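Here are the chains, one letter per residue:
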2 protein chains.
Amino acid sequence: MNNNTYLTSYVNHFVETVKQAGVKDVVICPGSRSTPLAYGFAKSEGFEFYRQIDERSAAFFALGIAKAKKSPVVLLCTSGTAAANFFPAIVEAYYARIPLLVITADRPHELREVGAPQAIDQIHLYGKHVKWTVDFPIPEDNEENLSFIERHIQRAITTSKASPMGPVHINVPFREPLLINMEQQDSSVQISKSEVGQLVPSQEFITWYKELLQKEDKGLFIVGDSLSTTEGFWDFARTVQWPVLADPLSNLRSSVPEDCMHLCIDQYDALLKANSFRDNVNPNVVIRFGAQPVSKPLTQFLKACKPNVFIAVDESTIFRDSLHIVTHHAQVEAASLWIPIEEKQCSSYLKDWSNANDISTKHVQAYLEMEEDEGALAATLFEALSDGVDLFASSSMPIRDVDTFYNKTSKNIQLYANRGTNGIDGVVSTALGVHAATKRPGYLLIGDLAFLHDVNGLIVSRFQQTDITIVVMNNDGGGIFSYLPQSTETNYFEHLFGTPTGLEFPHIAAMYDAQYNAVRSKDEFQKVLNEQKVKDIRIIEIFTNRQVNTDTHRKLWDAISKELDSVWKA
Amino acid sequence: MNNNTYLTSYVNHFVETVKQAGVKDVVICPGSRSTPLAYGFAKSEGFEFYRQIDERSAAFFALGIAKAKKSPVVLLCTSGTAAANFFPAIVEAYYARIPLLVITADRPHELREVGAPQAIDQIHLYGKHVKWTVDFPIPEDNEENLSFIERHIQRAITTSKASPMGPVHINVPFREPLLINMEQQDSSVQISKSEVGQLVPSQEFITWYKELLQKEDKGLFIVGDSLSTTEGFWDFARTVQWPVLADPLSNLRSSVPEDCMHLCIDQYDALLKANSFRDNVNPNVVIRFGAQPVSKPLTQFLKACKPNVFIAVDESTIFRDSLHIVTHHAQVEAASLWIPIEEKQCSSYLKDWSNANDISTKHVQAYLEMEEDEGALAATLFEALSDGVDLFASSSMPIRDVDTFYNKTSKNIQLYANRGTNGIDGVVSTALGVHAATKRPGYLLIGDLAFLHDVNGLIVSRFQQTDITIVVMNNDGGGIFSYLPQSTETNYFEHLFGTPTGLEFPHIAAMYDAQYNAVRSKDEFQKVLNEQKVKDIRIIEIFTNRQVNTDTHRKLWDAISKELDSVWKA
């Protein structure tokens, strides 16, 4: 058996194992050392196959697919700094708990540490930001070799899928020649089955927990990002009748059943800025599912009131409790605690939240009709979204605008963001990855710097069809910094933080054959949103003013506080 | 003393220590957590201050400055994936031995591992790809704190400068509030002095080495990339009279003294493709200074002839010897072995090399007049370069075209490339960084994929003046792969490796207010090169054909081999 024959066997076995383990999507970056696997995946039937030449964007694209599918995606590149370019997305995947099977081709041992080109130390390349990593043996002519890779690929995929999910890394050295035999078929592989366990609580915990739900009226549910499912939540919440503070990324603000609308509190970010209201709604019990919510007022509220019982339900032992107020950590799947109880009545506590929510909603509606700032414009987008689309919110201002202005609805809209580490990098790619997975029309709300940061994300549109509307809030620089104390150092602020680039995005639109509209008012924006989308990519650029945004937001919050004061101080 | 006061003291002390240690350049990426240091560097006099919003490009830009200055550059960012975006350039800096002082702001301990936003595990973030890393203490109100940071900043800078140079990493946690007092002056800091040692050989080694040079006629010097200086080389080589196989990145092909022109062999890549010549010029002794050369024929020649004595002079203990043919490893500065000996005569061995070099040069000249391929077009650029400019060659095809077609000259032209890991990432930024350091007119020769990969590198041009001519060889995809065996799998090749994007670069030019010319022939290219450059950035796009390139290159090499055969087979 020559090298080519058993290299081919190795690759066939590798690819077949990945396929039988249930992985469907493969993102490949062109390169030389990874040739055997690239050809291996390409010739195998049954994979969705994507290419991207910028490895940083490729990794975020894979992250987007995995985020939407909640299932591992293969990400393959050649040796050298190509692999280092994966790092930002891997870090995000680790903290956002997204399963990725990262495969880096490597030089064989004899070309490591000897100054050979494109040979870097790839062992443990991603440090503590992958769940597991393994260095593979050179393809060899023996059964042990095939048995080794089968077991370790399966272990890698199982590890990536086990709670909490996350990225894993396989480093695969190849010797030249790198060409496999494209015709060679190998006797059928049959990998062992694997069952990934579900984390469920003990009976003892459930008894205590159900009693708590049953007897306590001043209880709050807080639901954050990164739940593996939302199915069953409302059937459960309907029986408990506690207010549900739904972070937009919980995806509980959409597809809300009519009879649960009063439970769904979406205005807490504004409400909790009002002292009078805040002081009157201290809960006795808080149960949080998923990640910590985006809202800073909510964070400050929880920190100040320190509920007697605060249960964080989180499938990881990494306690997500930056406030140090959690009293019970339940390391189980959120859905395992969605157990309907004996149906309760609507309490006065729930009514307080629900009424305040209505008051806030009314003010926000008035504000949205009056104002022309980023928030009002973002809300215009949210209003226009139809049933069955995806909305991706960039970090920085967009996710905050979503938090404040994305209202509960019965429409089926899925919300996504990169909140593992809240970076503004790779956003375009992640959004395109989500679309690749869901095939639903995609909308991306993003600032000008984040858009520019990952403009290379658009390259995938050259290799595959897509359908995305990118709404760029262009305030020419880093808008979010205007809210920070450092903005008062005016001498240095604009220079260090504003970073206006003055770059014009119609050029990007022209380059990527995208539909482009510039928008300067809400009316224009509404008109444009009603026009037909005729290209794969549509870019709507909204010109806003950083200073106006801060002023109008503050005005709105003051108005809400004032009306709430009149109710709760009375 | 409140937090703000001693935070300011800490920052002032930090910045002053960096300054007194001799660091002059600071590259900053906007972000929140790094605010204290960003303001600290901004308010201190005497730094060159650069901004870039894409951290990946920022890091490569800093790498370019450090590459040209051979001196450490500060690279600062906020916490989170921003820091992960530095990784590709840090890996390149590690292998290319470029000194960088990477400073990542971090969350304080109480916000680590608790799910706080933008908080990732930044301890040892860059793994084995920095020379040293340290996690700093939170700014505190005591002398020990200031003493600690002073000593460790100095250690970091000394480590980055010690042979072999490389990147170091300081992780600095900050608690809110992040604003320093911009007026506060602190009593003058006076850091201890530090002397970085030079690596020199023992007297015993020098005696043996000089005797070897004196008595051996069939000796070769091979000079590669990453020498800390070339000063003194020709005064030395002139006395030894051995052929000097000068890799373009040795920078020994330019500023060649007239009486050393015959020593400088620049055609070895073509010469060593001819069997007859190759078989007749086996050396007894080879002495290599710097990194392994780019040329594959040279590599194969050395591997085949296995000289009795092969001295690799390399200041690192990482033996750069992928061929496993080095017999003596001298871990010293190259220049410490440039000791003139008693002047020797021109040997017949030198004459053989010199004559063959002339033959090859003649053929190459004829080819350059006849052909219109990438090589001929690249050579047209090299011809046009005037005294006192910098040429940056991208990895992949451009560096190979430089190797083959960049002829020895007395003009002062400095050549640069990223050859630590040979990536095609970050090339635009590194070239712009070199210009920022040297202020000489810059030329960048780059392929279309590499250009696209780091198009964000151009963003720095929005914040500072620059002067660069970017020559993009557009063969619409990865040209280098056409030379590889995998190109024969035509069914899959174009799909996996060709990756034609069809993107048009005039849009990029328009976006960055760059001068743009499209060129389709040598004549057009010459004409365009003679036109005046009126913008900071000039992009000249050359449309070439991948298949033609492979054919014409092979024709040239055959012609040279044929004439050499007629001399050496006779």
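Residues numbered from 1 in each chain as written. Chains lettered and ligands numbered in written order. Predicted model: local features only at pLDDT ≥ 70, side-chain atom pairs only at ≥ 80, totals over all residues. Heavy atoms only, no water.

As for the nonpolar core
Thought 1: Grouped together as the largest cluster of nonpolar side chains are 132 residues, with contacts concentrated most on Phe451, Leu458 and Ile470 of chain A together with Phe451, Leu458, Ile470 and Ile508 of chain B.
Thought 2: Excluding its chain neighbours within four sequence positions, the residues that come into contact with isoleucine 508 of chain B are Met511 of chain A together with Phe451, Leu452, Val455, Leu458 and Ile539 of chain B. (Core = buried A, V, L, I, M, F, W, Y, C linked by side-chain atoms within 4.5 Å. Buried < 20%, exposed > 50% of the residue type's maximum accessible area, 1.4 Å probe, protein only. Contact = heavy atoms within 4.5 Å.)

Brief notes about the packing of aromatic side chains
Residues and elements named next belong to chain B.
Thought 1: Overall, the coordinates contain 49 aromatic pairs over all chains when judged by the stated rule.
Thought 2: Their ring planes at 35 degrees and their centres at 6.0 Å tell us that phenylalanine 221 and phenylalanine 289 sit as a pair that is tilted. One end of the pair, phenylalanine 221, is in strand β7 (residues 219-223); the other, phenylalanine 289, is in strand β10 (residues 285-289), with 68 residues separating them in the sequence. Each member of the pair, phenylalanine 221 as well as phenylalanine 289, is classed as buried.
Thought 3: Measuring from centroid to centroid gives 6.4 Å for phenylalanine 301 and tryptophan 353, while their planes differ by 75 degrees, and the two rings are edge-to-face. Residue phenylalanine 301 is located in helix α11 (residues 296-305), and its partner tryptophan 353 is located in helix α12 (residues 348-370); the two are separated by 52 residues in the primary sequence. Residues phenylalanine 301 and tryptophan 353 agree in their burial class; the two are buried. (Phe/Tyr/Trp six-rings, centres within 6.5 Å; stacked < 30°, edge-to-face > 60°. Helix = DSSP H or I, 4+ residues; strand = E, 2+ residues; numbered from the N terminus.)

Some details on the state of the cysteines
Thought 1: Counted according to the given criterion, the structure contains zero disulfides over all chains.
Thought 2: The cysteine cysteine 264 of chain A is free of any disulfide, with cysteine 260 of chain A supplying the nearest cysteine sulfur at 9.1 Å.
Thought 3: Judged by its relative accessible area of 0%, cysteine 264 of chain A is buried.
Thought 4: The structure places no disulfide on cysteine 305 of chain B, whose sulfur is separated from the nearest cysteine sulfur, that of cysteine 264 of chain B, by 20 Å.
Thought 5: Classification of cysteine 305 of chain B as buried rests on a relative accessible area of 16%. (Disulfide = S-S within 2.5 Å.)

Observations concerning empty space enclosed by the protein
Thought 1: Counted by the stated rule, this structure contains eight cavities of 30 Å³ or more.
Thought 2: Broken down by secondary-structure element, the contributors of at least two residues to the lining of the largest cavity are α18 (506-511) of chain A together with α18 (506-511) of chain B.
Thought 3: Here the lining of the largest cavity is built from residues that sort into ten nonpolar, four polar and no charged.
Thought 4: Approximately 110 Å³ is the volume found for the second largest cavity.
Thought 5: Forming the boundary of the second largest cavity are 13 residues, of which Ser226, Leu227, Ser228, Glu315 and Ala334 of chain B lie nearest the centre.
Thought 6: Each residue belonging to the lining of the second largest cavity can be placed in one class, and the counts come to five nonpolar, four polar and four charged. (1 Å grid on protein atoms, 1.4 Å probe; cavity = no way out; pocket = protein on both sides within 12 Å on 5 of 7 lines; lining within 4 Å. Points joined across faces, edges and corners; volume = space filled by probe spheres on them. Nonpolar A, V, L, I, M, F, W, Y, C, P; charged D, E, K, R; others polar.)

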